[in-house]
Amino acid sequence: MGGGETAKTRIRRLGAFIAVVAVLVVLLLLWQTLRRRSADAVSTAGSDRTTGDLAFVSIGTGAVTGVYYQVGGAIMKLVNAKQAEYSLNVTFKATEGSVYNIDAVLNGDLDFGVVQSDRQYQAYNGLSEWAERGMQMELRAVCSFYPEAVTLVAGADTDIRALENLKGKRVGIGDPESGLRGNALDVLSTFGMDWQTDIQAQGMEILQSIKALQDGQIDAFFYTVGHPAVVITEATSGTRKARFVPITGMDNLIRTSPYYAAAKIPVKLYPKVENTEDVPTIGVMTTLVTSTRVPDQVVYCIAKEIFQSLPEFKAMHPAFADMVPQEMVRHGLSAPLHVGAQRYFREAGLLTD
Ligand code: GLU
């Protein structure tokens with residue numbers, strides 16, 4: 001009997017042993033599964049961190065149908081296509097224009113701004129809008145792009161054929177934060193007109209100006225832009241016919257300013273406009289600015305990509321077609337070059353000094 005009990009006890013012990021082993025095997029499998037899952041989680045976190053390593057870079061432009069917006073789009077497209085090389089994520093936004101962009105770059109809201117060369121000069125030297133604040137020493141130039149023409153568009157049903165006819169008229173002179181307002185005021189004062197008393201000045205932004213011209217609420221408006229520009233096509237092809245008004249008699253302004261040059265608006269770019277001959281006016285350059293606060297490596301990469309991919313850049317808008325690298329590193333730049341841009345230009349042989 002006792003031997004039988006021993007056999008039973010042995011069988012029970014064996015059963016218990018097998019059960020314990022089974023539980024251990026299950027626990028081991030469970031532990032391995034959990035380990036694999038947590039390893040996966042760690043590698044996902046790793047790739048999140050890689051995304052986190054991207055530096056975000058913002059560019060201020062102008063109205064969505066202007067040409068600055070196209071500059072921002074071109075830089076974004078080219079630089080973001082090489083994210084593996086540059087680790088940059090570029091975004092751009094529509095703004096009121098040059099004055100807004102410079103101030104936003106200076107106060108850190110934006111990293112880069114597309115701005116008129118005259119505004120770059122004024123901000124760095126503490127003139128015009130910056131007269132009270134003084135020299136904006138942190139402003140830095142990157143490069144210039146293409147010429148912009150001061151463009152005066154009038155309803156074809158008005159008698160505005162020359163600057164003198166603006167007297168008493170309702171004229172859009174641009175948003176206070178746009179670049180062009182300064183150009184409108186320079187043209188008027190050079191012509192001997194007081195913008196506050198001789199015309200009915202309307203300080204509206206460009207998209208409103210086009211609508212106001214078409215609706216008959218204004219007689220004319222100023223805009224400084226590269227050609228061709230969709231904004232100007234819109235303004236000259238609505239139901240109200242429009243004409244460009246020549247801006248002449250500016251020789252003294254051109255001679256005494258470091259940024260104005262004679263320019264022409266080619267009428268063939270605007271088939272619906274009333275003019276049949278190219279229109280004389282004055283112009284400035286479109287430039288890219290940043291601040292000393294933006295890291296050298298970021299500015300280096302942006303400059304490198306603009307210049308290395310210049311053929312693709314130029315193909316993105318007809319206003320970009322004539323850009324020449326040697327001029328882009330010199331022309332229209334009055335703030336010092338950012339050291340990151342300087343490093344790339346030296347490397348590329350565009351700067352030798
Ligand atoms: N030159 C204009 C300005 O600074 C903007 C032109 C554009 O958006 O193309 O106000």
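K.L.:
Would you mind going over helix H2 (residues 68–80) in detail, with residue names and values included?
P.N.:
An ideal rise of 1.5 Å per residue puts 18 Å on 13 residues; H2 measures up with 18 Å between its terminal C-alpha atoms. Of all the residues in H2, the buried ones are Tyr-68, Val-71, Gly-72, Gly-73, Ala-74, Ile-75, Leu-78 and Val-79.

K.L.:
Go over the site of the ligand, please, and point to the residues and values.
P.N.:
Taken together, 14 residues sit near the ligand, with Val-67, Ser-98, Gln-116, Glu-148 and Gly-179 positioned nearest. The side chain of Ser-98 places a nitrogen or oxygen atom 2.6 Å from an oxygen atom of the ligand. Residue Tyr-223 places a side-chain N or O atom 3.4 Å away from an oxygen atom belonging to the ligand. Within the complex, the protein chains bury 99% of what would otherwise be the 300 Å² of accessible surface of the ligand. When atom positions are compared with the pocket grids, the ligand is found to occupy the second largest pocket. Looking at which element gives the most residues to the shell around the ligand, the answer is strand E7 (residues 220–225), with three residues.

K.L.:
Describe in detail the packing of aromatic side chains, supporting the description with residues and values.
P.N.:
Applying the stated criterion across every chain yields a total of eleven aromatic pairs. When the centroid spacing of 4.9 Å and the interplanar angle of 65 degrees are considered together, the rings of Tyr-69 and Phe-92 count as edge-to-face. In this pair, Tyr-69 sits in helix H2 while Phe-92 sits in strand E2 (residues 88–93), placing the two residues 23 residues apart along the sequence. Residue Tyr-69 is classed as partly exposed on the basis of its relative accessible area, which comes to 25%. Plain terms: the ring middles of Tyr-146 and Phe-320 are 5.7 Å apart, the flat faces sit at 40 degrees to each other, and that makes the pair tilted. Separated by 174 residues along the polypeptide, Tyr-146 in strand E4 (residues 139–155) and Phe-320 in the loop between helix H11 (310–315) and helix H12 (325–328) bring together distant segments of the chain. According to the relative accessible area criterion, Tyr-146 is buried, its value standing at 2%. Look at Phe-320 and you get buried, because its relative accessible area is 0%. A network of ring pairs unites the aromatic residues Phe-145, Tyr-146, Phe-313 and Phe-320 as a single cluster. Between Arg-343 and the ring centre of Tyr-300, over which it is positioned, the NZ or CZ distance is 4.0 Å.

K.L.:
Report on the packing of H2 against helix H10 (residues 296–308), specifying residues and quantitative values.
P.N.:
Orientation of H2 relative to H10, taken along the N-to-C sense of each, is 100 degrees, at an axis distance of 10 Å. For the element pair H2 / H10, the angle class is roughly perpendicular. Judged by residue contacts, Ile-75, Leu-78 and Val-79 of H2 engage Ile-302, Glu-305 and Ile-306 from H10. Among the residues making up the contact of H2 with H10, the classes are represented as five nonpolar, no polar and one charged.

Analysis parameters
- Residues numbered from 1 in each chain as written.
- Predicted model: local features only at pLDDT ≥ 70, side-chain atom pairs only at ≥ 80, totals over all residues.
- Heavy atoms only, no water.
- Helix = DSSP H or I, 4+ residues; strand = E, 2+ residues; numbered from the N terminus.
- Expected span 1.5 Å × (residues − 1).
- Buried < 20%, exposed > 50% of the residue type's maximum accessible area, 1.4 Å probe, protein only.
- Near = heavy atom within 4 Å.
- Polar contact = N/O pair within 3.5 Å; in protein donor to acceptor, adjacent residues only side chain to side chain.
- Areas by Shrake-Rupley, 256 points an atom, 1.4 Å probe, with all protein chains shown as cover.
- 1 Å grid on protein atoms, 1.4 Å probe; cavity = no way out; pocket = protein on both sides within 12 Å on 5 of 7 lines; lining within 4 Å.
- Sits in = over half its atoms within 2 Å of the grid points.
- Phe/Tyr/Trp six-rings, centres within 6.5 Å; stacked < 30°, edge-to-face > 60°.
- Lys NZ or Arg CZ within 6 Å of the ring centre and 35° of its normal.
- Axes fitted to C-alpha atoms, helices over the stretch in contact; angles between N-to-C directions.
- Parallel < 35°, antiparallel > 145°, perpendicular 65-115°, else oblique.
- Contact = heavy atoms within 4.5 Å.
- Nonpolar A, V, L, I, M, F, W, Y, C, P; charged D, E, K, R; others polar.

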